[in-house]
Amino acid sequence: MTLPPFGALVDEHRDRLARFCVAAVGPTDASDLEHDTWLAALRAYPTVVSDQNLGGWLVTIAHRKAIDRWRTGHRETATDQVPDVPAAAVDVVDDGLWAAVDRLPDGARSAVLLRYVADLPYADIGTELGCSEAAARQRVRAGLSTLRTTITREQP
Amino acid sequence: MSLETELAATRGPLPAAPDVGALAAAEGLLDLSVARMHLPVGDVILAATDRGLAAIHYLTLEDEDAALGHLAAAFGPRIFFDDDPTARARRQLSEYFEGTRTTFDVPVDLATLTGFQRDVLDACAAIPFGAVSTYGDLAGDIGRPRANRAVGNALGANPVPIVIPCHRVLRTGGNLGGYTGGVQVKARLLEHEGVVTA
């Protein structure tokens, strides 16, 4: 097994990784998260033992760094907005759906992002979240269901 | 739009693509910078470390993916295409094939080689344009007169052919011997230098 040149990894997987970063921490912090992810990937790449699913490997690095940010309060959530901010000051892309995603418990938030943004198969989501494939499927379903309830409740 | 589709669509604009190669270089995590080049004797990939030119890999006998695989095995997989680090070597190679240059003056990185291999390549580098030597003579030059075969192997492992002119070393009696890019390439290089071969 020989690993492809790191530059080829960037060419092939950059868009997917950047999309995940934007979805996980919002457009403002995405650039920092992506930078940290590439740096960690560069450090770890010589020790990677399989050339299968390198895109998924990059996503899991970003996911772990995103969790760190969620836990240390880097969230860009609607709940973090200063109460009296006028509506016009709120980023237009950070709409009801993404505010609701940001408010999901970490496990459900991870499951939904890994499934629908990173497009990881359920088996890989299970591995990443430390649960079975069936449990991963259940977490994604529960996350979606919570999102539907939240968004419906917020509709005028 | 379904919730799933909406989630898959991007949350906002993607940030400008970072220069990951520059990041790797700045953090000391860059194994090799590589560039493609077409030479009259065939295509090559040039590779540089931060210490100098580390490889000129012929694509005459294998494709680019295989070549990059070999380079990754020898130097590490953090490889980026970047023309700048090999610009000087590529310019000198162009001049060599245009007939305006007979010696090379670029730093080479032979750090992955053994001391013996470096001794052989140093002796080889002293053979001037248009001249030839033999495996046996080169063995004598480095004080290992019976090491013909080992000398041949060391030349076969020359990571920077043309710049270190292993094509100028023949078998005793004038037989061309072997060459990293194929023996036809060796013949064409010698022809370019005006050497008449058997």
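Residues numbered from 1 in each chain as written. Chains lettered and ligands numbered in written order. Predicted model: local features only at pLDDT ≥ 70, side-chain atom pairs only at ≥ 80, totals over all residues.

1. So, the pairing of strand 1 (residues 32-39) of chain B
Line of reasoning, step 1. Relative to strand 4 (residues 79-81) of chain B, strand 1 of chain B is paired through 3 bridges, and the arrangement is parallel. Bridge pairing links leucine 32 of chain B to isoleucine 79 of chain B in strand 4 of chain B. (Pairing = 2+ DSSP bridges. Helix = DSSP H or I, 4+ residues; strand = E, 2+ residues; numbered from the N terminus.)

2. Regarding the interface of chain B and chain A
Line of reasoning, step 1. Opposite the 29 residues of chain B that make contact, chain A presents 33 residues.
Line of reasoning, step 2. Residue assignment for the side of chain B that touches chain A shows that the elements contributing at least two residues are helix 1 (3-8), helix 2 (20-26), helix 3 (64-75) and strand 4 of chain B.
Line of reasoning, step 3. Among the elements that line the side of chain B that touches chain A, the one with the most residues is helix 1 of chain B, at 5 residues.
Line of reasoning, step 4. For the side of chain B that touches chain A, the per-class residue count stands at 19 nonpolar, 5 polar and 5 charged. (Contact = placed C-beta atoms within 7 Å. Nonpolar A, V, L, I, M, F, W, Y, C, P; charged D, E, K, R; others polar.)

3. With respect to the domain arrangement of chain B
Residues and elements named next belong to chain B.
Line of reasoning, step 1. Each assigned domain of chain B is listed with its residue range as follows: domain 1 (20-98) and domain 2 (115-192).
Line of reasoning, step 2. Inter-centroid distance (C-alpha atoms) of domain 1 to domain 2 is 22 Å.
Line of reasoning, step 3. At the interface, 12 residues of domain 1 touch 11 residues of domain 2.
Line of reasoning, step 4. Secondary structure elements with two or more residues in the side of domain 1 that touches domain 2: strand 3 (52-58) and helix 4 (87-98).
Line of reasoning, step 5. The element contributing the most residues to the side of domain 1 that touches domain 2 is strand 3, with 5 residues.
Line of reasoning, step 6. Tallied by class, residues from the side of domain 1 that touches domain 2 come to 10 nonpolar, 2 polar and no charged. (Domains from an automatic or database assignment.)

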